[in-house]
Structure formats: C-alpha cells, structure tokens
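In case you want the letters, here they are:
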Amino acid sequence: MFHDLKRFIIDMTLLSRDAMHIHVGMAIFLLIWLLWRWRGARFIAWLGALLAALSGEWLDHIAITNDITSAVWIEHWKDLFSTMLWPTILAVFIGFLPYVSRKKKEAVEQSHNIEEG
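The structure presented is a predicted model; accordingly, all values stated were derived computationally and were not measured.

1. A look at the nonpolar core
Within soluble globular proteins, side chains that are nonpolar tend to cluster in buried spots. Judged by nonpolar contacts, Phe-29, Ala-45, Ala-49, Ala-53, Leu-80, Met-84, Ala-91 and Ile-94 together constitute the single largest core of 8 residues. Every element with two or more residues in this core is listed here: α3 (41-64) and α4 (70-93). Excluding its chain neighbours within four sequence positions, the residues that come into contact with Phe-29 are Arg-42, Ala-45, Trp-46, Ala-49, Pro-87, Leu-90, Ala-91 and Ile-94.

Okay, structure coming up:
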C-alpha cells in the first residue's frame, strides 16, 4: 500500500524519487512547524521529518529487498540526506530569526493604542 501511494504521487507529479524526498521532508517539517505554535516547534518539526524519513526507508527496505549490500545502504543514506537536508538547515537557522510571541505583539499594540488615544 505504501509503495502504491508513493508510485501514484510520483506518477501524478512527474517528479523523480529524489525530488519527492526533498518535497516530502520540507512539507512535513513546515506543516508541523506551522501547526505547533511555540518556539521549540522547530525541534518537533525536525523530529517529525526524521521519523517520516526513517519510516519510509524502513518500508522501502523491507518491501524491496532483503539484501543488506553496501549499495542498498548507500541508497538509504542518500534518501535520508535528501529528505533531511533542508529541514535541518531550517531547524538551525529558524533560531536566529526574530521571534515575537502573539502575547508580546498584542501588548505592544495595546500600548501604542493607549499612547495614541
């Protein structure tokens, strides 16, 4: 079932398998990061992307081959790298972006409204 869904997505988007790894990793990272509304969300999002990448590789490995040759493992590592590169970069650099919590932003807006009114 996993491989049928994977094949369907690849056929519909006309993207390569490697490109799909990049897009899926980014999509999972961004979705979790945007839904989780606190500063530590980048770590949860990164772990979610990693869990998805490892799960996908495990499903690939048990469905495609029982072989443990180095060529198979090199493909798994390449897929993990492709999936996790941008989520890792974002998780590191999001910490350097200015962060204003919703409560702080509301407090600043209220203080400006009081000063004006």
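2. Re the pattern of salt bridges
A full pass over the atoms with the stated rule returns 1 salt bridge. Glu-75 serves as the salt-bridge partner of Lys-78, at 3.4 Å between the closest nitrogen and oxygen. Pair noted here: Lys-78 and Glu-75 are both in helix α4, with a separation of 3 residues, about one helical turn. For Lys-78, a relative accessible area of 34% puts it in the partly exposed group.

3. Considerations on helix α2 (residues 17-35)
Counted at 1.5 Å a residue, the expected span for α2 with its 19 residues is 27 Å, and the 27 Å between its end C-alpha atoms agrees. For α2, the complete set of buried residues consists of Ala-19, Met-20, His-21, Gly-25 and Phe-29.

Criteria and thresholds
Residues numbered from 1 in each chain as written. Predicted model: local features only at pLDDT ≥ 70, side-chain atom pairs only at ≥ 80, totals over all residues. Heavy atoms only, no water. Core = buried A, V, L, I, M, F, W, Y, C linked by side-chain atoms within 4.5 Å. Buried < 20%, exposed > 50% of the residue type's maximum accessible area, 1.4 Å probe, protein only. Helix = DSSP H or I, 4+ residues; strand = E, 2+ residues; numbered from the N terminus. Contact = heavy atoms within 4.5 Å. Salt bridge = Lys/Arg side-chain N within 4 Å of Asp/Glu carboxyl O. Expected span 1.5 Å × (residues − 1).

This is a description of form; function is not addressed.
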